[in-house]
Number of protein chains: 2
Amino acid sequence: MSFSRPLPLRSGASLADYSLVYETYGELNPARSNAVLVCHALNASHHVAGLDPDQSLGWWDNLVGPGKPLDTRRFFVIGVNNLGSCFGSTGPTHTNPASGQPWGADFPVVTVEDWVDAQARLLDALGINRLAAVLGGSLGGMQALAWTLRHPQRVAECVAVATAPNLSTQNIAFNEVARRAIITDPDFHGGHFYRHGVIPRRGLQVARMIGHITYLSDDSMEAKFGRELRSPELGYSTLDVEFQIESYLRYQGEKFSDYFDANTYLLITRALDYFDPARDHGGDLAAAFAPARDNRFTLVSFTTDWRFAPARSREIVKALVDNRIAVSYAEIAAPHGHDAFLLDDPRYHGVLRATFERIAA
Amino acid sequence: MSFSRPLPLRSGASLADYSLVYETYGELNPARSNAVLVCHALNASHHVAGLDPDQSLGWWDNLVGPGKPLDTRRFFVIGVNNLGSCFGSTGPTHTNPASGQPWGADFPVVTVEDWVDAQARLLDALGINRLAAVLGGSLGGMQALAWTLRHPQRVAECVAVATAPNLSTQNIAFNEVARRAIITDPDFHGGHFYRHGVIPRRGLQVARMIGHITYLSDDSMEAKFGRELRSPELGYSTLDVEFQIESYLRYQGEKFSDYFDANTYLLITRALDYFDPARDHGGDLAAAFAPARDNRFTLVSFTTDWRFAPARSREIVKALVDNRIAVSYAEIAAPHGHDAFLLDDPRYHGVLRATFERIAA
């Protein structure tokens, strides 16, 4: 869907003539009251569920569909690709009208709040005044939270999984290393690599490898790969793969560099870095959540998630409780680290199923 | 000190005509029974204590010296730089006699066990048959452990700090990402960058930034940098520094790339990956420690060390106890993560002081 009215961004810049790609699942009821917006995280898209024309399964298909915890027989589910992404909505690979060249590194810096505002305009265009719920995990969870702060009247319930009220220093540090790998790749060309016919593949690979380590728990990596060798005997090489985990990470990095845009990676990690609703309130997270007094929250975290640890979700719970805002919180004992939010752990999905059944009722 | 007799390496290769640089502190007693060998970790050297001619302070000066926990008025302390390093002992920057060119990536892969064997030859040359103790932290701790497995008669006590019986999958994963950053830097030239007059500076910087994050605890990064900005206001940039932690990491990376050799980084991270004494015993760590039955051990770990967590030290303690080998173990509540082993936490230094006083007595 195309939008011509300029979108003011938090940075002070604005973006005119942008488009957002989206998918919907299920039917909007006559009262237009059963819409659920699903917000995506770093490398996902509007394609939340089902098979697309390329036979690719939606990234949250285990959760969203007929009879699934977010049941599309009852809810009208909307997946939208965020601005700055490389999966269809306006982003760095698109043409900058001012130059006639791809935006590249000149694409304006977008924040979680900007995404939420753009999503609200999409809802306007779809004729949806108020969401039954907004749902997201990780960076998507930050968007779900931001909905209740910027547009509290336009959403009833917020379901935020494996998220945090801001990035920790360590989180920012990992993002920064990933960005340095990309930016210092000679094929990055200051973010204007498109015109050179190259992509900063090496930097993207290293960035993805770093990210991947932080998505998995130490234990789940141990269980899946341990110290298993690729060959029966040690090869005693500094350059070649010795351990299965090395082979796995290289594969993940290569796959990622085939489809992901380097400028998008920079934009999205920066959106993560910048998200910090307490900042405008002198660091007081409870004050930040005051506008959400009429919303209802469901938060879920995973015990082995060391990227967005349960303690980070508990900070949000405390801020909500301080405001006497209704919140349910589940801390799921799951071995898979941050990635658990994408998996179909039965206790986790049980919580979300019960939540959406309550919302539907 | 130069050695002409070839050193057989675990890989099957051997190294002839190598030299080891070392420093000593204190006096060897007439019985030659008061020698303590200090083994270094990733980016340290033979310069353990005091000021060198460049006025640079030894890397463990807070621990080693007159009146310090390892008291050089009582002990003859030896610091030795390991093979493959870039601080003086034979390594990739030296000339490969076979080619007349720098070794570069052709330098043979060296292991913890190879280092220990080379150290034993240095002791031969110094006329020291038996060490009062071998001491090391992190990778140095692995060498201290390996001494008791390869040369148990030549050492009385093993003091191993912040170490592990092998790397976890996650540890290997971080090493692999760091290596990929170096190897895929176009200035690496397959490890023969010296002849091109360049160094893979970008790769080394990223490698060091990754390493640095794993040396610090989440909490200590939070306490030191938090989400503090470099400028009073957000700059909304993907390319420039916004947060102090970014500035700090970039500085650490740049400093490191000025003095550290890329091939050495690969060799040393591989030595870490390969260390696994249980491997030759079907994964049975207790069986691996059987040769150390007459040694005495002191192990120290730090609660916030997530690189070599206390649980890893406890695995070693269990293997020793299973062998009825004497072991003291201290788990120090310290906020500084893995780096704590280099700091002068009073409880930690108290443990080492008491240990060396007992050994001296």
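Residues numbered from 1 in each chain as written. Chains lettered and ligands numbered in written order. Predicted model: local features only at pLDDT ≥ 70, side-chain atom pairs only at ≥ 80, totals over all residues. Heavy atoms only, no water.

J.: It is not clear to me how the overall build of chain A should be interpreted in this structure. Could you clarify?
T.: Scanning chain A from N- to C-terminus turns up 10 helices and 13 strands. Over its C-alpha trace chain A gives a radius of gyration of 20 Å, about what one expects of a compact globule, namely 21 Å for 361 residues. Relative to its full complement of 361 residues, chain A shows a buried share of 62%. Long-range contacts, defined as pairs at least 24 residues apart, comprise 70% of the intrachain contacts of chain A with a sequence gap of at least 6. Just so you have it, chain A exposes about 13,000 Å², and 49% of that area is on carbon and sulfur atoms. In chain A, which carries 33 positive and 40 negative side-chain charges, the distance between the mean positions of the two groups comes to 6 Å. (Helix = DSSP H or I, 4+ residues; strand = E, 2+ residues; numbered from the N terminus. Rg over C-alpha atoms; globule rule 2.2 N^0.38 Å. Buried < 20%, exposed > 50% of the residue type's maximum accessible area, 1.4 Å probe, protein only. Contact = heavy atoms within 4.5 Å. Areas by Shrake-Rupley, 256 points an atom, 1.4 Å probe, with all protein chains shown as cover. Lys, Arg positive; Asp, Glu negative; His and termini not counted. Charge placed at Lys NZ, Arg CZ, Asp CG, Glu CD.)

J.: How do you make sense of the interface of chain A and chain B when you look at a structure like this?
T.: Interfaces are often sized by the accessible area lost when the parts come together. Every contact between the two is made by 60 residues of chain A and, on the other side, 59 residues of chain B. Both faces combined, the contact of chain A with chain B buries some 5,200 Å², and carbon together with sulfur accounts for 63% of it. It is A:Arg227, A:Tyr236 and A:Thr238 that lose the most area in chain A upon contact with chain B, and together they represent 15% of the buried surface on that side. Taken together, the links from chain A to chain B amount to eight salt bridges. A salt bridge links B:Glu176 to A:Arg250; the nearest nitrogen and oxygen atoms lie 2.7 Å apart. On inspection of chain A and its partner chain B, the count reaches 27 residue pairs in polar contact (both at pLDDT 80 or more). When contributions to the side of chain A that touches chain B are tallied by element, the ones reaching two or more residues are helix 3 (169-183), helix 4 (201-215), helix 5 (218-224), helix 6 (244-259) and helix 7 (262-274) of chain A. With 11 residues, the single largest contributor to the side of chain A that touches chain B is helix 3 of chain A. Its residues assigned to classes, the side of chain A that touches chain B shows 31 nonpolar, 12 polar and 17 charged. (Buried area = accessible area lost by both parts, 1.4 Å probe. Salt bridge = Lys/Arg side-chain N within 4 Å of Asp/Glu carboxyl O. Polar contact = N/O pair within 3.5 Å; in protein donor to acceptor, adjacent residues only side chain to side chain. Nonpolar A, V, L, I, M, F, W, Y, C, P; charged D, E, K, R; others polar.)

J.: Looking at this structure, I do not really get the pattern of salt bridges. What am I missing?
T.: A side chain of one charge can pair with a side chain of the opposite charge when the charged atoms of the two come close. Scanning the entire structure with this criterion turns up 40 salt bridges over all chains. A:Asp71 is the salt-bridge partner of A:Arg73, the closest N and O atoms lying 3.0 Å from each other. With relative accessibility at 63%, the residue A:Arg73 sits in the exposed group. Note on A:Asp71: relative accessible area 9%, which makes it buried. Residue B:Glu176 pairs with B:Arg179 through a salt bridge whose shortest N-O separation is 3.5 Å. Taken as a pair, B:Glu176 and B:Arg179 lie in helix 3 (residues 169-183) at a separation of three residues, close to a single helical turn. Among the residues examined, B:Arg179 registers a relative accessible area of 1% and is labelled buried. One network of salt bridges, with partners in common, ties together A:Glu176, A:Arg179, A:Arg270, A:Asp273, B:Glu246 and B:Arg250.

J.: Can you walk me through the confidence of the model for chain A in this structure?
T.: Interpretation of this model should avoid reading the predicted coordinates in detail wherever pLDDT is low. Predicted confidence across chain A gives a mean pLDDT of 97, with 100% of residues reaching 70 or more. Here the complex is predicted with pTM 0.96, and the ipTM for its interfaces comes to 0.95. (pLDDT = per-residue confidence, 0-100.)

J.: Mind showing me how you'd approach the sheet that holds strand 9 (residues 76-80) of chain B here?
T.: Across a sheet, strands are paired by hydrogen bonds formed along the backbone, either parallel or antiparallel in direction. All names here are of chain B. If you walk across this open sheet you meet the seven strands as 5-9-6-10-11-12-13, and the pairing is mixed. With partners counted over all chains shown, the strands left at the sheet margins are strand 5 (22-25) and strand 13 (326-332), one partner each. For this sheet the average axis-to-axis angle between neighbouring strands, irrespective of direction, equals 15°. Pairing between strand 6 (residues 35-39) and strand 9: four bridges, direction parallel. Pairing of leucine 37 across the sheet is with isoleucine 78, part of strand 9. In the packing of helix 1 (residues 112-126) onto the sheet, the strands contacted are strand 5, strand 6, strand 9 and strand 10 (131-137), and the crossing angle to strand 9 comes to about 135°. Here helix 10 (residues 346-360) sits on the sheet and contacts strand 6, strand 10, strand 11 (155-161), strand 12 (296-302) and strand 13; the angle it forms with strand 12, its principal contact strand, is near 175°. (Pairing = 2+ DSSP bridges. Axes fitted to C-alpha atoms, helices over the stretch in contact; angles between N-to-C directions.)

J.: How should the environment of A:His281 be read in this particular structure?
T.: One can find A:His281 in the loop between helix 7 and helix 8 (285-288). Look past the residues within four positions of A:His281 in its chain and what remains in contact with it is A:Ala287 and A:Ala288.

J.: When you look at the pairing of strand 10 (residues 131-137) of chain A in this model, what are you seeing that I'm missing?
T.: Along a regular strand, successive side chains alternate from one face of the sheet to the other. Residues and elements named next belong to chain A. The element strand 10 is extensively covered by neighbouring structure, given that seven of its seven residues are classed as buried. Of the pairings in the sheet, the one linking strand 6 (residues 35-39) to strand 10 comprises four bridges and is parallel in character. If you follow valine 36 over to strand 10, its bridge partner there is alanine 133. Taken together, the six bridges between strand 10 and strand 11 (residues 155-161) define a ladder with parallel strand orientation. Opposite alanine 133, over in strand 11, you have glutamate 157 as the bridge partner. Handedness of the β-α-β unit built from strand 10, helix 2 (residues 139-150) and strand 11 comes out right-handed. (Right-handed = clockwise from strand over helix to strand, strands pointing away.)

J.: Would you explain the environment of A:Pro8 in this entry?
T.: Residues and elements named next belong to chain A. Note on placement: proline 8 falls in strand 2 (residues 7-8). On the accessibility criterion, proline 8 (53% relative accessible area) is exposed. Note: C-alpha distance between proline 8 and alanine 340 (332 residues apart in sequence) is 35 Å.

J.: How should helix 1 (residues 112-126) of chain A be read in this particular structure?
T.: Residues and elements named next belong to chain A. Given a rise of 1.5 Å per residue, 15 residues ought to cover 21 Å, and the 21 Å separating the end C-alpha atoms of helix 1 matches this to within 8%. Summarising burial for helix 1: 13 of the 15 residues are buried, a large majority. Among the residues trailing helix 1, glycine 127 stands out with phi positive, at a value near 75°. (Expected span 1.5 Å × (residues − 1).)

J.: What should I look at first to understand the sheet that holds strand 10 of chain A in this one?
T.: Residue and element names in this part refer to chain A. Strand order in the open sheet formed by seven strands is 5-9-6-10-11-12-13, and the pairing between neighbours is mixed. Strand pairing shows two members of the sheet lacking a second neighbour, strand 5 (22-25) and strand 13 (326-332), which therefore form its edges. Averaged over neighbouring strand pairs, the angle between their axes works out to 15° when direction is ignored. Alignment of strand 5 against strand 9 (residues 76-80), held across four bridges, turns out to be antiparallel. Bridge assignment links tyrosine 25 to a residue of strand 9, and that residue is valine 77. Along the sheet face, helix 10 (residues 346-360) touches strand 6, strand 10, strand 11, strand 12 (296-302) and strand 13 and points at about 175° away from the line of strand 12.

J.: Is there a simple way to explain unusual backbone geometry in this structure?
T.: For residues besides glycine, phi is generally negative; the peptide bonds are generally trans as well. Residue and element names in this part refer to chain B. Even without being a glycine, glutamine 55 presents a positive backbone phi close to 65°. With respect to the helices and strands, glutamine 55 occurs in the loop between strand 6 and strand 7 (64-65). Even without glycine at this site, arginine 324 takes up a positive phi of about 55°. The class for arginine 324 is exposed, based on a relative accessible area of 79%.

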